Amino acid sequence: MTDERLREVSRLRRAMIRPELGAIAGTILVFVFFLMIAGDSGMFGPKGIQNWTVVSAQFAIIAVGACLLMIAGEFDLSVGSMIGFAGVVIAILSVQWGWPVWASIIVAFAICLALGFVNGVLVIKTGLPSFIVTLAFLYILRGLTIWLSILTTRQTIIGGVKDVAEGDPLAWAFGGVILKPVFQWLADIGLIDTFTRGTRAGQPVVEGVPMLVVWALALIVFGHFLLTKTKFGNWIFAAGGDKQAARYVGVPVDRVKILMFMFTAFCACVFATCQVMEFGSAAADRGLLKEFEAIICVVIGGALLTGGYGSVIGAALGALIFGVVQQGLFFSGAESSLFRVFLGTILILAVILNTYIRRMITGER
Amino acid sequence: MTDERLREVSRLRRAMIRPELGAIAGTILVFVFFLMIAGDSGMFGPKGIQNWTVVSAQFAIIAVGACLLMIAGEFDLSVGSMIGFAGVVIAILSVQWGWPVWASIIVAFAICLALGFVNGVLVIKTGLPSFIVTLAFLYILRGLTIWLSILTTRQTIIGGVKDVAEGDPLAWAFGGVILKPVFQWLADIGLIDTFTRGTRAGQPVVEGVPMLVVWALALIVFGHFLLTKTKFGNWIFAAGGDKQAARYVGVPVDRVKILMFMFTAFCACVFATCQVMEFGSAAADRGLLKEFEAIICVVIGGALLTGGYGSVIGAALGALIFGVVQQGLFFSGAESSLFRVFLGTILILAVILNTYIRRMITGER
Amino acid sequence: EGEKIVLVSHAPDSDSWWNTIKNAIALAGEQMGADVDYRNPPTGDLADMARIVEQAAATDPAGIIVTIADFDVLEGPITAAVDQGIPVITINSGTAEQSRALGALMHVGQPEYDAGYGAGLKAKAQGADSFLCVNHYITNPASVERCQGFADALGVEMGSQMIDSGQDPSEIQNKVSAYLSANPETDAILTLGPTSAHPTLRALDSDGLSGEIFFGTFDLSGEIAEAIKGDVIEFAIDQQPFLQGYLPVVVLTNLARYGVVPGNSVNSGPGFVTKDNIALVEKYAGEYR
Amino acid sequence: MSTPIVEMKSIEKHFGPVIALAGVSFDIRPGECHCLLGDNGAGKSTFIKTMAGVHKPTKGEILFEGTPMSFDSPRDSMEAGIATVYQDLAMIPLMSVTRNFWMGREPEKGFAPFKRVDFDHANQVTMDEMKKMGINLRSPDQAVGTLSGGERQTVAIARAVYFGAKVLILDEPTSALGVRQTANVLSTIDKVRKKGIGVVFITHNVRHALAVGDRFTVLNRGKTLGTAGRGEITPEQLQDLMAGGQEMAQLEGSLGGTV
Amino acid sequence: MSTPIVEMKSIEKHFGPVIALAGVSFDIRPGECHCLLGDNGAGKSTFIKTMAGVHKPTKGEILFEGTPMSFDSPRDSMEAGIATVYQDLAMIPLMSVTRNFWMGREPEKGFAPFKRVDFDHANQVTMDEMKKMGINLRSPDQAVGTLSGGERQTVAIARAVYFGAKVLILDEPTSALGVRQTANVLSTIDKVRKKGIGVVFITHNVRHALAVGDRFTVLNRGKTLGTAGRGEITPEQLQDLMAGGQEMAQLEGSLGGTV
Ligand SMILES: Nc1ncnc2c1ncn2[C@@H]1O[C@H](COP(=O)(O)OP(=O)(O)OP(=O)(O)O)[C@@H](O)[C@H]1O
Ligand SMILES: Nc1ncnc2c1ncn2[C@@H]1O[C@H](COP(=O)(O)OP(=O)(O)OP(=O)(O)O)[C@@H](O)[C@H]1O
Ligand SMILES: [Mg+2]
Ligand SMILES: [Mg+2]
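Residues numbered from 1 in each chain as written. Chains lettered and ligands numbered in written order. Predicted model: local features only at pLDDT ≥ 70, side-chain atom pairs only at ≥ 80, totals over all residues. Heavy atoms only, no water.

Undergrad: Give me the overall build of chain D: which residues, what numbers.
TA: Within chain D one finds 8 helices and 12 strands. Against the 2.2 N^0.38 benchmark of 18 Å for 259 residues, chain D shows a C-alpha radius of gyration of 19 Å, consistent with a compact globule. When its C-alpha atoms are laid out on the principal axes, chain D stretches across 60 × 45 × 40 Å. Counting the 259 residues in chain D, one finds 61% classified as buried. Put simply, 64% of the contacts in chain D that link residues at least 6 apart link residues at least 24 apart. Accessible area of chain D: about 9,500 Å², with a carbon and sulfur share of 50%. (Helix = DSSP H or I, 4+ residues; strand = E, 2+ residues; numbered from the N terminus. Rg over C-alpha atoms; globule rule 2.2 N^0.38 Å. Buried < 20%, exposed > 50% of the residue type's maximum accessible area, 1.4 Å probe, protein only. Contact = heavy atoms within 4.5 Å. Areas by Shrake-Rupley, 256 points an atom, 1.4 Å probe, with all protein chains shown as cover.)

Undergrad: Account for the interface of chain B and chain C, with residues named and values stated.
TA: Each partner contributes residues to the interface: chain B has 45 residues there, and chain C has 39 residues. Here chain B is connected to chain C by 2 salt bridges. Of the charged contacts, one joins C:Asp48 and B:Lys290 as a salt bridge, the two residues approaching to 3.8 Å between their closest N and O atoms. Where chain B packs against chain C, one counts 6 residue pairs in polar contact (both at pLDDT 80 or more). Listing elements by their share of the side of chain B that touches chain C, those giving two or more residues are helix H3 (46-71), helix H6 (130-153), helix H12 (253-279), helix H14 (312-332) and helix H15 (338-362) of chain B. (Salt bridge = Lys/Arg side-chain N within 4 Å of Asp/Glu carboxyl O. Polar contact = N/O pair within 3.5 Å; in protein donor to acceptor, adjacent residues only side chain to side chain.)

Undergrad: Go over the environment of D:Ala211 with me, naming the residues and quoting the values.
TA: Assignment of secondary structure puts D:Ala211 in helix H7 (residues 206-212). Considered as a pair, D:Ala211 and D:Asp190 are 21 residues apart in the sequence and their alpha carbons are 9.5 Å apart.

Undergrad: Explain the sheet that holds strand S11 (residues 215-220) of chain E to me, and be specific about the residues and the numbers.
TA: Strands pair in a sheet through their backbones, by hydrogen bonds, and they do so in one of two ways: parallel or antiparallel. All names here are of chain E. On the basis of which strands lie adjacent, the open sheet formed by 6 strands has the order S6-S9-S10-S3-S11-S12 and mixed pairing. Looking along the sheet, the strands with just one partner apiece sit at the ends: strand S6 (82-85) and strand S12 (223-229). With direction set aside, neighbouring strand axes in the sheet form an average angle of 15°. Here helix H1 (residues 44-51) sits on the sheet and contacts strand S3 (33-38), S6, strand S9 (167-171), strand S10 (198-202) and S11; the angle it forms with S3, its principal contact strand, is near 140°. The sheet contacts of helix H6 (residues 179-194) involve S3, S9 and S10, and relative to S10 the element is tilted by about 155°. (Pairing = 2+ DSSP bridges. Axes fitted to C-alpha atoms, helices over the stretch in contact; angles between N-to-C directions.)

Undergrad: Run through the relation of the copies chain A and chain B, naming residues and quoting values.
TA: One copy of the chain maps onto the other through a rotation about an axis plus a displacement along that axis. Take chain A, turn it by 179°, move it 0.1 Å along the axis, and it overlays chain B with an RMSD of 0.2 Å. Expressed as an axis order, the relation between the two copies is that of a two-fold axis. (Least-squares fit on C-alpha atoms with pLDDT ≥ 70 in both.)

Undergrad: Lay out the sheet that holds strand S5 (residues 106-109) of chain C with the relevant residues and their values.
TA: Residue and element names in this part refer to chain C. Pairing is parallel across the open sheet formed by 6 strands, whose spatial order is S2-S1-S3-S4-S5-S11. Each end of this open sheet is capped by a strand with a single partner; those strands are strand S2 (35-39) and strand S11 (266-267). Pairing of strand S1 (residues 4-8) with strand S3 (residues 63-67), which is carried by 4 bridges, proceeds in the parallel orientation. The residue of S3 that forms the bridge with Ile5 is Gly63.

Undergrad: Any details on the packing of aromatic side chains? Residues and values, ideally.
TA: By the definition in use, this model includes 60 aromatic pairs over all chains. Arranged with centres 6.3 Å apart and planes meeting at 50°, the rings of B:Phe31 and B:Phe44 form a pair that is tilted. Of this pair, B:Phe31 sits in helix H2 (residues 21-38) while B:Phe44 sits in the loop between H2 and H3, placing them 13 residues apart in sequence. On the basis of relative accessible area, B:Phe44 is assigned to the partly exposed category, the value being 23%. Centre to centre, the rings of B:Phe33 and B:Phe34 are 5.1 Å apart; their planes meet at 80°, and the pair counts as edge-to-face. Accessibility expressed as a relative area gives 35% for B:Phe33, which makes it partly exposed. The class for B:Phe34 is buried, based on a relative accessible area of 2%. Through a chain of ring-to-ring contacts, the aromatic side chains of A:Phe75, A:Phe131, A:Phe292, B:Phe75, B:Phe131 and B:Phe292 assemble into a single cluster. The cationic tip of C:Lys122 hangs over the ring face of C:Phe272; the distance from NZ or CZ to the ring centre is 4.6 Å. (Phe/Tyr/Trp six-rings, centres within 6.5 Å; stacked < 30°, edge-to-face > 60°. Lys NZ or Arg CZ within 6 Å of the ring centre and 35° of its normal.)

Undergrad: Run through the side chain of B:Ser81, naming residues and quoting values.
TA: Residue and element names in this part refer to chain B. You can see Ser81 is positioned in helix H4 (residues 79-96). Owing to a relative accessible area of 2%, Ser81 belongs among the buried residues under this scheme. Once you skip the residues sitting within four places of it in the chain, Ser81 turns out to touch Phe137, Leu138, Leu141, Arg142, Thr145 and Glu291.

Undergrad: Give a detailed account of the pattern of salt bridges, specifying residues and quantitative values.
TA: Between side chains of opposite charge, a pair can form when the charged atoms approach closely. Using the criterion set out here, one finds 41 salt bridges over all chains in the structure. In this structure, C:Glu226 and C:Lys229 form a salt bridge, with 3.8 Å as the shortest nitrogen-oxygen distance. Of this pair, C:Glu226 and C:Lys229 both sit in helix H9 (residues 222-229), 3 residues apart, roughly one helical turn. Overall, C:Glu226 belongs to the partly exposed group, its relative accessible area being 46%. Between D:Arg193 and D:Asp214 there is a salt bridge whose closest N-O contact spans 3.3 Å. Here D:Asp214 lies in the loop between H7 and strand S11 (215-220) and D:Arg193 lies in helix H6 (residues 179-194), a separation of 21 residues in the sequence. Put simply, A:Lys290, A:Glu293, C:Asp168 and C:Glu171 are held in one network by salt bridges that share partners.

Undergrad: Can you lay out the nonpolar core for me, pointing to particular residues and giving the numbers?
TA: One finds A:Phe131, A:Met277, B:Phe131 and B:Met277 to be the most contacted residues of the largest nonpolar core, which totals 279 residues. Beyond its immediate chain neighbours, meaning those up to four positions away, B:Phe131 contacts A:Phe75, A:Phe131, A:Phe292, A:Ile295, A:Leu305, B:Phe75 and B:Leu77. (Core = buried A, V, L, I, M, F, W, Y, C linked by side-chain atoms within 4.5 Å.)

Undergrad: Tell me what's going on with the state of the cysteines, and back it up with residues and numbers.
TA: Under the definition given, this model contains 1 disulfide over all chains. Two residues share a disulfide in this structure: C:Cys133 and C:Cys147, whose sulfurs sit 1.9 Å from each other. Sign of the S-S torsion, about -55° for the bond between C:Cys133 and C:Cys147, identifies this disulfide as left-handed. Of this pair, C:Cys133 sits in strand S6 (residues 132-135) while C:Cys147 is found in helix H6 (residues 141-154), placing the two residues 14 residues apart along the sequence. When its relative accessible area of 0% is taken as the criterion, C:Cys147 is described as buried. For the unlinked cysteine A:Cys269, the closest cysteine sulfur is that of A:Cys112, found at 3.6 Å. No disulfide involves D:Cys35; its nearest neighbouring cysteine sulfur is the one of D:Cys33, lying 4.2 Å away. (Disulfide = S-S within 2.5 Å.)

Undergrad: Before we move on, could you go through the packing of helix H3 (residues 46-71) of chain A against helix H9 (residues 211-229) of chain A and cite the residues and values that matter?
TA: All names here are of chain A. Two elements in contact, H3 and H9, have axes separated by 8 Å at closest approach and are oriented at 25°. Relative to H9, the element H3 is oriented roughly parallel. The way H3 lies across H9 gives a crossing that is left-handed. Where H3 approaches H9, its residues Thr53, Val54, Ala57, Gln58, Ala60, Ile61, Val64, Leu68 and Ile71 are matched on the opposing element by Leu212, Val213, Trp215, Ala216, Leu219, Ile220, Gly223, Leu226 and Leu227. (Parallel < 35°, antiparallel > 145°, perpendicular 65-115°, else oblique. Left-handed = near helix turned anticlockwise from the far one by under 90°.)

Undergrad: Help me get a handle on unusual backbone geometry, residues and values and all.
TA: We note that C:Asp219 has phi near 65°; this positive angle belongs to a residue other than glycine. Its location among the elements puts C:Asp219 in the loop between strand S9 (214-218) and H9. On the basis of relative accessible area, C:Asp219 is assigned to the buried category, the value being 5%. In the Ramachandran plot, D:Glu65 falls in the positive-phi region, its phi being about 50° despite a non-glycine side chain.

Undergrad: Could you give an account of a nonpolar patch on the surface, with specific residues and numbers?
TA: Residue and element names in this part refer to chain B. Together, Ile24, Ile28, Val32, Phe33, Met36, Ile37 and Phe342 make up a nonpolar patch on the protein surface, roughly 630 Å² of accessible area in all. Considering every element that reaches the nonpolar patch, the biggest residue donor is H2, with 6 residues. By the element assignment, Ile28 lies in helix H2. (Patch = residues over 30% accessible without salt bridge, like charges linked within 9 Å, V, L, I, M, F, W, Y side chains within 5 Å.)

Undergrad: Describe in detail the pairing of strand S4 (residues 59-64) of chain E, supporting the description with residues and values.
TA: Residues and elements named next belong to chain E. With 5 bridges joining them, strand S1 (residues 6-15) and S4 adopt antiparallel strand pairing. Bridge pairing links Glu12 to Lys59 in S4. Across 3 bridges, S4 lies against strand S5 (residues 67-69) in antiparallel orientation. Directly across from Ile62, in S5, lies its bridge partner Met69. Hairpin connection from S4 to S5: 2 residues lie between these consecutive antiparallel strands, with Glu65 at a positive phi of about 50°.

Spelled out as structure tokens, the structure:
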């Protein structure tokens, strides 16, 4: 096709046409909106920023996994149940059985990766849609979680992880904060506020960067690099775009998909471990509906539910939007039961915007 | 293609190859299993039969809608939220606003059909996957339900419908039982037990056929006829099989899909109304996760998640399996948290069986 | 020997509070030599619960123990069971009047609204006049009653002070923190159980507000006991679930064996666990307390 | 010459920044076979999809039997009497041959609320029509997904022919076909034409076009290069036009002039 | 004659009850173009998919350069040196031309854990190769989904040719192509053959086959009807074989003997 049959397309418009454009626009809109209605509620003070950053980081951790998996053409409804399961495994091993925390964490990761592998193999070998296979695991894992925790502790909340995690060589990587001295220094020179009342008077309102946020950033950078810069990234797109075609040209589609199921499970386990380490307890109902929230972030971020198209940056922005909207509604004092209504509405608007952008890219009508 | 290149296929095997075969086999298995482990627990006494019949009928009502919609190539995650919403609408209108119950029911149906229409139009006009659009409505409707009920009654549960429904010209069609005299007669001739103690001594243990069951049967018959015998049924298959191709040959795909969304909403509203009339109250948490249960029934019944293939009879058997397993586990006294594990396992086994059958039909490897 | 008794609750599988009751019925069953089953709707859907009650009746047990999660929903199935001649004891939520109306033998429990109201009175006595109610299971009607009771005792309109916190601990923590920073004048917090209490504790800690705000909670756990001792939580409303599980089993077995039954309902709560009586409670918190 | 059944006047069609058609005029008369030729991407499929109501033209006018018409959907154009066999076949793989054959115009029996599809009749007709096209079906219940590409093509053509029409559009119907099937299709075109139906025939094969065509219109880069009647143009000229007049590869000699 | 690169011996392939191949033998030697002809549904695509590792034969033996081989996946056969352009093109519509072109063999730069795809190089090569095939791309970032069928076909062939191979399999590469593109493909086959690569060329067009073929094998209903060398068979005989020897439609005359 030569150029004479193309209408002029401005350079700007071309540069703008990318999967995450919708999410970028959405992010700007959301920030402007909350700056207007909740600008003076402390939402944009250091403490407030930390508040929604942490929530967004949580979403981002599972969204990165869900994003790569979705681009590879599958999705995983068992993420939420896996979060609950991994947490309970860590707590039972470390608190009930008295294993060292680092060993419990490693075992939990191993189990999650194995579960991801099973998910993947079932989807590939049976040719079933991942919706069904992972829906089955949603039920199976949740059932096992409740059963296991009641069986071993007669409770569905298992506490006391904090005590056993004291001084553990691995636990610090999932709980707690880093860069404390920097924030103390920032407080000293007056760049961040200090508490004026209460038990912490004098300390900076933001202690440091939570490990949760560090993990989120690391996973985003890793996912983005993998997807856009490497050979394997190209294969992820291919596996999701048309698995038959990809297989014909020699892309190891099965391996790609199974690895992505395992990566999603890995992200779920990071989420679970961070939560257990931070709150010192695991509960059987953790992670409820997180699978949907991950999918929502990814879709707001511009990925195509049917695979083959999307961006990790978009998914991360989707997580940011989700987190900011959720927390913003609390800062602004809106009726909290309306949160779900907002969330649904944003989801629809975001996908409509994204579809429009994608059509411009591919030129379909 | 002529016959010389076909290997012999036995007549029996051909006759067996149908979408609902897996569900039929599953049903037999499930009954044999529970007859063995719970045969003497009252599960197969008249009262026990009524119990799992009613539960299965409930699943069947939403499964029929979900089945036709899935065959038409879409699915609806907002069914559960719609059940909660419809119930609360009826209760608010009749109890809080004092409308006659029949009017409240009609309005609830009108609203549900309108919501189904909106779902459908959004999916069609924007070209978005129904997963996303209805996921948005899952959140929006649940949020609205909670908000509305708290707004009007400061509670998330609204009772007292039973009192206002007394003598209503429409309410009987959703609550209560029919064929009472028949059952009295059956009891008189000793075919069903009568209560031997308590205030009802002498009355039959099963009063009659609940309207819920009547509705379920009616919807199954209607759905089956529509799908297999009529022109419209052919179009449902076509819309789900390949919407572009169907459109090319003049099938009004959009209309078919929108109507199926409305039918699903109708089924959800029947479910909600029956529940409100039977229990006399509506609550914001009704219908939670019912969308998945409907999808599970349909998939166990042999329908293809991607559309274009399935059967209403299969979905109804799926509902029966689901109901019998759920109640049977209670009857047999198994640990209830293991119910989900069973459910997940059954789901996977059922789809693997169904896939095998479908491959035999289409001849793919 | 071996009487079959069924306990039907309204709680979803993952509700940790009910384990105390499960432990109690297991213990009572063992001691009395009765066979006690625990049944609940997996998702907490009350309509499903009604089916379970009907089904329990179909197995013709020696007795049914059931919560009155919603009078309307359960009226049919429970009266049917009573009419069938099965002895029924109601527990937990609901009132003694409702229990009587259903034809149950007795009620062992704590009315939710009254419990919330009692908590509110305590807060008011400490001078609170604004509050935050952290509701982690807003779709459940009982949860709203608790917040409503608290609000009524304080004498304030309930509006956005009841937040729909969800069940994710990190989100709960940050939502509480966000609410407090947007409404710094808040001087009382009510949480409805460990699920919301633990993250709220963390929120207060990271905001440096531990002990600054009046903080009451429902139910007990290790962390909550710790916080009571540390003066962060004022009190935990203890409805002594152990009794709600244990007593009915004992009563029903004895009824079946010897035909004896107490004539009155038992108020198992609200009991307030405070710093003064915590020592006793702490040891078994979450298991038998 | 008789008046055209369909007349398309300076049709333009843009897809976002892509201009697929830049003013194409075309008409089809009863009883003639009008061949639409042109290079890949010339816009042939886009053009006939506009005629069939799949796309709405960005600009231009469609006259059906003299009156301006605007087709909003394929259904509209079908009802007006335009039957189309698309390049990307309109078949549903999981459904049976019969159901595909009758799709959208299922024969019914019974009365109002209980109207049922008359499957016996439908099966009978399907088997017969397929036999006429030279394909012996195993059973009318066979899923279309199990047929080979050429067999599917034949079902699509048989369907369009059976339901008769004033205009039959065939978009590269022979490209996937074997020798025998191709000969069948060409003779079918001939038969259909003789019944007074207008046939629009798209192909890349000059010889197929010359075998049955009455008029030849060549598209190039979204524009008409002109229309010629039978006998007014030599195969070599036609081929040159189709190739857009550009230099051809050196193999030509061994192909005997035409590809 | 040189030894065959690939030799397939009595290959059978069953799909459930369908017997697609009932014992087909075939070989391909360096530097020759071996045409595989046959009616629709004869089993040509199934056969070459077996050769390319997509299907596993139910029975039969595959020898690659004399040693028995069993390809478990297309990747295996590609690595052995068999490049295939499938009838149902192996292209991913939403991805760019470059990414499709290099799919599965992306050029990399950088060192171990940070190996990146070298997109500059990849884009350059893609543009060049497409130009050689006569297609001027707007930009290498263009999504393949926006190309016309013929343009896509060309990308697929260019890819197979570029990555060189010992055997190049083309399944009906010309069926969707315009005159110019067809000539291009045929001359490409000629070029490739001269490099000593074996080409398997499937087509329904006798003239295309005769233009470049060295040997001709005709399949019918899953069986070989025989193999003939260039000059050993007339176009009419070949066409008769392809049609399975059955009676042809009466149009033949006007087509000048061959379709
Ligand atoms: N939906 C669409 N969106 C964007 N561009 C399109 C669309 N459909 C077609 N085009 C473009 O319009 C041009 C004409 O395409 P069309 O399919 O009509 O060509 P054709 O003449 O049928 O070619 P072929 O002989 O290969 O089938 C092509 O350049 C194609 O890329
Ligand atoms: N996956 C499959 N499952 C069942 N049957 C199949 C499958 N693939 C092919 N067949 C059958 O095998 C036979 C040969 O098909 P194939 O596609 O190889 O034919 P072909 O010679 O390539 O025909 P065409 O010229 O139309 O492309 C056909 O009858 C087809 O129905
Ligand atoms: Mg075309
Ligand atoms: Mg083929």
